[in-house]
Amino acid sequence: MITDQLVTNWTKAVNTDPVVRLATRYATFSSLLEIGDESLLLKARDGEISLVKSPTLEEPWDFAFRGSADAWQKFRLAPTPTTNHPMSMAYQGHMALANGAPNYFRMEGNYQKLFAHMPALCSILDQFRGLEG
Amino acid sequence: MNIEPITGRYIHVAVDGRNYRTYFEENGQGEPLVCLHTAGADSIEFRHLLTDAEITERYRVIAFDMPWHGRSLPPDGWWEEEYRLTREFYVKFIVAFSRALGLDKPILMGCSMGGYVMFDVARQHPDDFGAFISLQGRDYEPAWDGLSKWYRHPEVNANAMVQSLIASLIPATAAPARRHEIEWIYMRCAPGVLPGDFHYAAVDHDSRSYGPELSRIADRLYLIAGDWDWSCFAEHTDRIRQSINGITVVRSPDLGHFPMSEDPVAFRRALDPVLAKIAERGKAGNAARQ
């Protein structure tokens with residue numbers, strides 16, 4: 001799912017989109033994006049964003065955003081009421097009754113850092129939708 | 001000149017010996033329709049309804065800011081206490097506001113926590129209001145409180161953090177201007193107010209046992225719910241429908257958590273049949289009395 005072309009296109013999109021630039025202009029964090037069996041390290045340093053494919057143990061991160069390949073594929077397609085936004089896909093299960101909508105994504109790690117950077121993270125994830133590659 | 005017909009004023013509302021200088025906006029004439037905003041927001045959420053000529057030619061639409069919200073300042077002494085909205089105060093305040101304005105059995109309509117409290121007001125004061133319209137209402141939802149710590153944390157900018165939560169509750173089909181309007185309304189919320197409201201919505205509100213009582217007035221209870229709101233899916237409103245025999249439930253495929261703000265046209269499609277039903281019931285009641 002994570003091709004070199006996708007990483008290149010995603011990196012370019014987040015560093016040029018004006019909404020992402022505004023949302024991330026002071027953002028400083030490292031996040032592990034788990035996409036099925038693959039992973040990406042998302043690094044933001046004062047608004048400069050980079051994506052590192054298959055990070056090693058030498059790359060620490062503050063929080064992880066994890067989902068199955070199927071969950072990310074659902075997110076990538078046109079939004080539906082249960083796949084509308086990263087936040088809902090990570091939180092709707094907490095409100096589900098029996099057989100309700102699941103949590104497609106899991107958020108783990110330094111929650112203070114995660115929630116402080118939630119708008120920046122979501123703006124970056126939003127660019128994943130419609131990406132070629 | 002392009003001046004909107006909304007009038008904004010302040011009314012002093014007394015609850016438990018405390019005075020609350022309360023901001024409200026209104027427009028229109030006819031049967032009063034009192035609107036309650038969502039948690040962490042204020043009456044500006046109803047600006048589209050307040051300027052909807054088709055509505056305001058038949059209804060006196062009134063929307064007020066709860067204390068601590070919008071232009072309603074907290075009462076003196078607020079700096080000595082943590083803001084936590086309770087069911088007792090919320091219900092008392094709504095009734096006190098209606099009485100302070102001298103309203104006679106207005107229709108009461110509220111969204112999110114304003115929709116939750118509809119069940120509490122209807123149970124405690126069934127005869128003070130002509131009808132109750134709950135938007136995105138729930139009987140019980142403790143999960144709202146799960147993020148409250150981070151809205152108060154000194155190293156988290158709550159005004160920025162809230163944007164993601166709000167965005168996730170809005171339909172993908174909403175116009176960008178409407179979507180960002182709602183996000184903006186929330187991003188200017190005062191510190192601690194949203195988690196303080198969550199105390200009511202998540203901790204103090206539990207109407208799951210109200211079914212037998214509310215079933216007796218179910219012909220005056222209405223629930224409108226949008227499919228894009230992950231806090232109010234069909235499974236949630238089904239439980240209310242099963243508990244309150246006879247409640248009218250309207251589900252909309254076009255709405256999310258903020259129906260009156262995110263898509264005013266789709267909101268009217270859901271609201272109009274409800275208002276028509278209330279009007280029809282009023283006519284039948286008048287005929288019976290004659």
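Note that the coordinates shown come from a computational prediction; the quantities given were computed from them, not determined experimentally. (Residues numbered from 1 in each chain as written. Chains lettered and ligands numbered in written order. Predicted model: local features only at pLDDT ≥ 70, side-chain atom pairs only at ≥ 80, totals over all residues. Heavy atoms only, no water.)

(A) Spotlight on the overall build of chain B. Each helix and strand counted, chain B has 12 helices and eight strands in total. Taken over the C-alpha trace, chain B has a radius of gyration of 18 Å; the compact-globule value for 290 residues is 19 Å, and the two agree within 12%. Considered along the principal axes of its C-alpha atoms, chain B spans approximately 65 × 45 × 40 Å. Here chain B holds 290 residues, and the buried ones make up 57% of them. The averaged location of the 40 negative side-chain charges in chain B is 3 Å from the averaged location of its 31 positive side-chain charges. (Helix = DSSP H or I, 4+ residues; strand = E, 2+ residues; numbered from the N terminus. Rg over C-alpha atoms; globule rule 2.2 N^0.38 Å. Buried < 20%, exposed > 50% of the residue type's maximum accessible area, 1.4 Å probe, protein only. Lys, Arg positive; Asp, Glu negative; His and termini not counted. Charge placed at Lys NZ, Arg CZ, Asp CG, Glu CD.)

(B) Structural context of the side chain of B:Thr237. Following the sequence through the fold, B:Thr237 ends up in helix H10 (residues 234-243). Judged by relative accessible area, which is 0%, B:Thr237 ranks as buried.

(C) The arrangement of the state of the cysteines in detail. Per the counting criterion, the structure on display carries zero disulfides over all chains. You can see A:Cys122 has no disulfide; the closest cysteine sulfur is in B:Cys189, sitting 19 Å from it. A relative accessible area of 7% places A:Cys122 in the buried class. Of all cysteine sulfurs, the one in B:Cys111 lies closest to B:Cys232, which takes part in no disulfide; the gap is 9.1 Å. (Disulfide = S-S within 2.5 Å.)

(D) Structural view of the interface of chain A and chain B. Taken together, the contacts link 25 residues of chain A with 28 residues of chain B. Where chain A abuts chain B, roughly 2,200 Å² becomes buried across the two surfaces, and 71% of that area is made up of carbon and sulfur atoms. The interface formed by chain A and chain B includes zero salt bridges. For the pair chain A and chain B, the number of links is five residue pairs in polar contact (both at pLDDT 80 or more). Those elements that provide at least two residues to the side of chain A that touches chain B are helix H4 (86-91), helix H5 (111-116) and helix H6 (118-126) of chain A. The class makeup of the residues in the side of chain A that touches chain B is 15 nonpolar, 10 polar and no charged. (Contact = heavy atoms within 4.5 Å. Buried area = accessible area lost by both parts, 1.4 Å probe. Salt bridge = Lys/Arg side-chain N within 4 Å of Asp/Glu carboxyl O. Polar contact = N/O pair within 3.5 Å; in protein donor to acceptor, adjacent residues only side chain to side chain. Nonpolar A, V, L, I, M, F, W, Y, C, P; charged D, E, K, R; others polar.)

(E) Broad picture of the sheet that holds strand E5 (residues 107-111) of chain B. Residues and elements named next belong to chain B. Pairing in this open sheet of eight strands is mixed, and the strands run E1-E2-E4-E3-E5-E6-E7-E8 from one edge to the other. Each having just a single partner strand, strand E1 (7-15) and strand E8 (248-252) make up the two edges of the open sheet. Averaged over all pairs of adjacent strands, the angle between strand axes in this sheet comes to 25°, irrespective of strand direction. Both E1 and strand E2 (residues 18-27) contribute to a ladder of nine bridges, which runs antiparallel. What sits directly across from Val 13, in E2, is Tyr 20. Docked against the sheet, helix H3 (residues 87-100) engages E1, E2, strand E3 (31-36), strand E4 (59-64) and E5, running at close to 120° with respect to E1. (Pairing = 2+ DSSP bridges. Axes fitted to C-alpha atoms, helices over the stretch in contact; angles between N-to-C directions.)

(F) Representation of the nonpolar core in the model. Grouped together as the largest cluster of nonpolar side chains are 110 residues, with contacts concentrated most on A:Trp10 and B:Phe97. For this core, the element with the highest residue contribution is H3(B), accounting for eight residues. The residues touching B:Phe97, leaving out its near neighbours within four places in the chain, are B:Ile11, B:Val13, B:Thr22, B:Phe24, B:Val34, B:Ile62 and B:Phe64. With 26 residues, the next largest nonpolar core counts B:Val61, B:Ile133, B:Leu135 and B:Ala270 among its residues. (Core = buried A, V, L, I, M, F, W, Y, C linked by side-chain atoms within 4.5 Å.)

(G) Local environment of the pairing of E8(B). Residue and element names in this part refer to chain B. As paired strands, strand E7 (residues 221-226) and E8 are joined by five bridges and run parallel to one another. The residue bridging Tyr 222 from the neighbouring strand is Thr 248, located in E8. For the segment spanning E7, H10 and E8, crossover handedness is right-handed. (Right-handed = clockwise from strand over helix to strand, strands pointing away.)

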